[in-house]
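# A closer look at the structure
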Amino acid sequence: MAGHHHTPVVSLDEQYVFQPKTRSRALLTIGIGLLLLIIGCFMLRSGGGNEHHGAEHATQAAGGAQHGTGHAAQNTEGAHQGAAENTVQPIAEGGHEFHWYTRLYANIWLNNIFFTGIAIIGVFFVAVQYASQAGWSAGFLRVPMAFGYFLPVTGVIMLIMFFVAKHDLFHWTHEGLFDPKSKEYDEIIAGKKGFLNTPFFVIRMVIYFAVWFWLFLVLRKRSLQEDLEGGVKFFDRNMFTSAYFLIFFAVTSVLAAWDWVMSIDTHWFSTMFGWYMFASWWVTGLAVITLTIVNLKEAGYLPHVNSNHLHDLGKFMFAFSIFWTYVWFAQFVLIYYANIPEETVYFLARLEGYGGIYRPVFFLNIFINFVFPFLALMTRDSKRHMVFLKVIAIGIIVGHWFDFYQMIMPGTVGAHGGFGLVEFGTVAIYAGAFALVLGTFLAKAPLVARNHPMLEESLHHNI
Amino acid sequence: MEHNENKFLVGVYDDEDVVLSAVTNVRNNGVRIYEVYTPFPIHGLDEVLGYKRSGLPRVAFFFGLTGTTLALTMMIWMMGYDWPMIVGGKDFVAFPDFIPVTFELTVLLASLGMVGTFLIISSLWPGKKPLLFDSRCTDDKFIMAVDLGKNKLSADEITSILKNSGAVEVNTKIVEE
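Residues numbered from 1 in each chain as written. Chains lettered and ligands numbered in written order. Predicted model: local features only at pLDDT ≥ 70, side-chain atom pairs only at ≥ 80, totals over all residues.

## Brief notes about the overall build of chain A
For clarity, the threshold we go by: Starting at the N terminus, helices and strands are each numbered in turn, a helix being any DSSP run of H or I of at least four residues and a strand any DSSP run of E of at least two. Using C-beta atoms placed from the backbone, we call a residue buried if 20 or more other C-beta atoms fall within 10 Å of its own, exposed if 12 or fewer do, and partly exposed for counts in between. Any residue pair is listed as a contact if its two C-beta atoms, each placed from the backbone, are within 7 Å.
Counting its regular elements, chain A contains 17 helices and zero strands. When burial is assessed residue by residue, chain A has 44% of its 463 residues classed as buried. Long-range pairs, those at least 24 residues apart, make up 84% of the contacts in chain A between residues at least 6 apart in sequence.

What follows is the structure, given as structure tokens:
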């Protein structure tokens, strides 16, 4: 190469060391999370335990995070408010008495789905790189390749949580809905019985996790084998496996979105929902990949990953923030425009229902997940600087957590929702656990896939 | 002093790495390079030529912003004030309804504005006679053009600098306005 092309600094044997200090920070995060969660649960129990009826009281008991937001609904037209109350009735009425632990379950469910998404997007990213024979990412592919190890954790928790909390989270798990003689009988939900029944739901869940994790292990094992033997054999095989994974994931990511999130609002459905949740997962995963790489670089690892690679990761976050917005808006505007009651009920619950407590989250969602990354990542420089990327990635991660929050909370806890110690504690536990698993498995293999056929291209990546 | 208006020296190189290092070499010898023509993009050529990044993205942003403003102003004025109409039971100014048109006009103005600006600043308007120093730069040669009128050094001095930097031949070309 010409004189001005610096030979990239790359240490092929570079190995991540999960320092005891980092590990204890992850453990400390889990500990603090647990503590906050326990305090939060006691507060919910003592506050919410006496009140089963008035939404007002329960709302105050739930940490007081949403004081004053109730005014929003009162200011709207009377007709609107009436409509909101009527339409949100089926969700509140169809259920049962509210217990404080429903909010705990809903939080675990929410974070479990959120972090499942981050883990599987790590695998998805790797598969996309292999299937498209991308060269630029070869130098850091081991980073997203460690994400998949969190899948068994969330898989097991999700399976257990489903059996513990199904009656609290999923309206369709109540037997009476399907029995024409029962007082609870619901013709619409009974019509969905072929898909929404406990055995099939559990089988699907197990299949998603089992196949995802299996294909992830196959990809990773071959990549590690490639380190020892070299050649293009492993790359070729991974390319095919990745293609199969992508086909499987295209279907299962949509089904998972229906199962785990959309079926919470059992009557309601949207054909955009699968893509909408995938988009949210994908951009969150990209932000976590970027954040991990920036953190590794700040700790002195990955010297060969330079501003050109960061630039492309930044473009990814920018592009898919817009993609998320596109899908979100496509879902919203059609429902808004058509104005069909069984569809608008979903957005009424989020904008005006339950005393309007979800309204701020609804607008925060659009701001932090579209306006913020769109403007902040627009210039070239912002995509090439680690500090910028770090701040924006954190913003996107927090923003999409709130996206999932407003997907899940109105249908599960309704008027009893809020943002308090329980929410914060659960996030901290999951974030700490994810960091722990990621650090542990990142340290188990060299950071650079030394015999990746495209490694040279990645080292000379220049845009 | 000889008359150097519109007189160019054209260095011909036959290797991309040679022309890349030649650019630095020639510039270090105090020669101002007019432009380098290559059959394909060479990574790093812009940097060694000392080119600053184009301001085109900023132009695109402001064209886009004009599109956004135009679309919103048009629809709010038409639907809200000039000829209020109820569509689908919505408010007169139903913001979500306006987003698709706003998006389209933003993209339209940004792209048309960007293309137009690009054509103008690159002197690529229709009917423009192309400035071709050596047709081999569209095939397998790399061409470095030096405008003698913009350089203090003599033609002989520059020729020897180009030759020393690896040019396989150096020609003189008069460009007619």
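## Quick notes on the overall build of chain B
We apply this condition: A radius of gyration in this sense is built from C-alpha atoms; the matching globule rule multiplies 2.2 Å by the number of residues raised to 0.38.
Broken down by element type, chain B carries five helices and four strands. What you see in chain B, going N to C, is helices and strands ordered as β-α-β-α-α-α-β-α-β. Over its C-alpha trace chain B gives a radius of gyration of 25 Å, far above what one expects of a compact globule, namely 16 Å for 177 residues. Its C-alpha atoms put chain B at 80 × 35 × 30 Å along the principal axes. Here chain B, with 177 residues, has 19% of them falling under the buried criterion. Once local pairs closer than 6 in sequence are excluded, the contacts in chain B between residues at least 24 apart make up 80%.

## Considering the sheet that holds strand β3 (residues 142-147) of chain B
Residue and element names in this part refer to chain B. Just so we agree on the cut-off: Strand pairing follows a simple DSSP-based rule, namely that at least 2 bridges must link the two strands. Only the stretch in contact is used when fitting a helix axis, every axis being a line fitted to C-alpha atoms; angles between N-to-C directions are given from 0 to 180 degrees.
Ordered in space as β2-β3-β1-β4, the four strands form an open sheet in which the pairing is antiparallel. The two strands at the open ends of the sheet, each matched to only one other strand, are β2 (35-37) and β4 (169-174). Each neighbouring strand pair of the sheet contributes to a mean axis angle of 25°, computed without reference to strand direction. For strand β1 (residues 7-13) and β3, the ladder comprises six bridges, and the chain directions are antiparallel. Bridge assignment links Tyr 13 to a residue of β3, and that residue is Phe 142. Running over the sheet, helix α5 (residues 155-164) touches β1, β3 and β4 and is turned about 15° from β1.

## Notes on the nonpolar core
What counts here: By definition, a nonpolar core groups buried Ala, Val, Leu, Ile, Met, Phe, Trp, Tyr and Cys residues that connect through C-beta atoms lying within 7 Å of each other.
If you look at the biggest cluster of nonpolar residues, it comprises 119 residues, and the most contacted ones within it are Val 261, Val 283, Leu 286, Met 317, Ile 408 and Phe 434 of chain A. Broken down by element, the residue count for this core peaks at 19 residues, all from helix α5 (residues 100-131) of chain A. In this structure, Phe 434 of chain A is in contact with Phe 115, Ile 118 and Phe 150 of chain A, ignoring residues within four places of it in sequence. If you look at the next biggest cluster of nonpolar residues, it comprises 23 residues, including Phe 8, Val 48, Ile 161 and Ala 167 of chain B.

## Looking at the packing of helix α9 (residues 233-261) of chain A against helix α10 (residues 273-298) of chain A
Residues and elements named next belong to chain A. The following threshold applies: Any angle that is under 35 degrees is reported as roughly parallel, and any over 145 degrees as roughly antiparallel; angles of 65 to 115 degrees are reported as roughly perpendicular and all others as oblique.
Remark: α9 packs on α10, axes separated minimally by 8 Å, with the N-to-C direction vectors making an angle of 100°. The angle between α9 and α10 places the two elements in the roughly perpendicular class. For the pair formed by α9 and α10, the contact residues are Ser 253, Val 254, Ala 257, Trp 258 and Val 261 on the first element and Phe 273, Gly 274, Met 277 and Phe 278 on the second.

## What about the environment of Leu 131 of chain B?
Examined against the element boundaries, Leu 131 of chain B turns out to sit in the loop between α4 (95-121) and β3. The spatial distance from the C-alpha of Leu 131 of chain B to the C-alpha of Thr 172 of chain B is 14 Å, given a sequence separation of 41 residues.

## Some words on α9 of chain A
Since the α-helix turns once every 3.6 residues, residues separated by three or four places project in the same direction. Residues and elements named next belong to chain A. Heads up, the condition is: Every helix has an expected span of 1.5 Å times one less than the residues it contains. Two axes define the bend at a residue: one fitted to the seven residues ending there, one fitted to the seven starting there, and the bend is the angle between them.
Between the first and last C-alpha of α9 there are 40 Å, a value that for 29 residues agrees with the 42 Å anticipated at 1.5 Å per step. The largest bend in α9 amounts to roughly 30° and is located at Phe 249. In this fold, the buried residues of α9 make contact with α5, α8 (198-229), α10 and α15 (386-412).

## A word on helix α11 (residues 307-338) of chain A
Residue and element names in this part refer to chain A. In this model α11 runs 46 Å from its N-terminal to its C-terminal C-alpha over 32 residues, within 8% of the 46 Å that 1.5 Å per residue would give. When we look at burial in α11, the residues that qualify are His 309, Leu 310, His 311, Leu 313, Gly 314, Phe 316, Met 317, Phe 318, Phe 320, Ser 321, Trp 324 and Trp 328. For α11, the secondary structure elements touched by its buried residues are α10, α13 (359-376), α14 (380-384) and α15. At the exit of α11 stands Asn 339, carrying a positive phi of roughly 60°.

## A few points about the interface of chain A and chain B
Stated precisely, the cut-off is as follows: Residue type decides the class: Asp, Glu, Lys and Arg count as charged, Ala, Val, Leu, Ile, Met, Phe, Trp, Tyr, Cys and Pro as nonpolar, and the leftover types, Gly among them, as polar.
Listed per partner, the contact involves ten residues of chain A and eleven residues of chain B. Considered class by class, the residues forming the side of chain A that touches chain B number five nonpolar, five polar and no charged.

## Notes on the packing of α11 of chain A against α13 of chain A
All names here are of chain A. Where we set the bar: In this scheme, a crossing is called left-handed if the near helix is turned counterclockwise away from the far one by less than a right angle; it is called right-handed if the turn is clockwise.
One way to put it is that α11 packs onto α13 with a least axis distance of 9 Å and a crossing angle of 145°. For the crossing formed where α11 meets α13, the hand is left-handed. Together, Met 317, Phe 318, Ser 321, Ile 322, Trp 324 and Thr 325 of α11 and Asn 369, Phe 370, Pro 373 and Phe 374 of α13 make up the contact between the two elements. When its residues are assigned to classes, the contact of α11 with α13 shows seven nonpolar, three polar and no charged.

## A word on the domain arrangement of chain B
Worth spelling out the cut-off: The domain limits used here are those given by an automatic or database domain assignment.
As assigned here, chain B comprises domain 1 (7-52 + 130-174) and domain 2 (56-121). Using C-alpha coordinates to define each centre, domain 1 of chain B is positioned 45 Å away from domain 2 of chain B.

## A few points about unusual backbone geometry
Here Asn 339 of chain A, not a glycine, exhibits a phi torsion of approximately 60°, which is positive. Along the chain, Asn 339 of chain A turns up in the loop between α11 and α12 (341-351). The phi torsion at Ser 123 of chain B lies on the positive side, around 50°, for a residue other than glycine. Among the secondary structure elements, Ser 123 of chain B is positioned in the loop between α4 and β3. Note on Ser 123 of chain B: 9 C-beta atoms within 10 Å, which makes it exposed.

## Notes on the confidence of the model for chain B
For clarity, the threshold we go by: Across the chain, each position has a pLDDT score giving the predictor's confidence in that residue, from 0 to 100.
The pLDDT averaged across chain B works out to 91; a share of 98% of its residues lies at or above 70. Complex prediction metrics read pTM 0.86 and ipTM 0.82.

## Focus on the environment of Phe 402 of chain A
Residues and elements named next belong to chain A. For Phe 402, the position within the fold is in helix α15. A tally of 18 C-beta atoms within 10 Å means that Phe 402 is categorised as partly exposed. Between the C-alpha atom of Phe 402 and that of Leu 348, which follows or precedes it by 54 residues, the distance is 18 Å. Setting aside residues up to four positions removed in sequence, Phe 402 forms contacts with Val 361, Leu 364 and Asn 365.

## Remarks on the pairing of β3 of chain B
Within a regular strand, the side chains alternate between the two sheet faces. Two strands pair when backbone bridges link them, and β2 of chain B and β3 of chain B are joined in this way by three bridges, in the antiparallel orientation. Considered in β3 of chain B, the bridge of Glu 35 of chain B is made with Ala 145 of chain B.

## Considerations on the environment of Asn 4 of chain B
Residues and elements named next belong to chain B. Topologically, Asn 4 is positioned in the segment before β1. Linking Asn 4 and Lys 141, residues 137 residues apart in sequence, is a C-alpha distance of 25 Å. Once residues lying within four places of it in the same chain are set aside, the contact partners of Asn 4 are Leu 148 and Gly 149.

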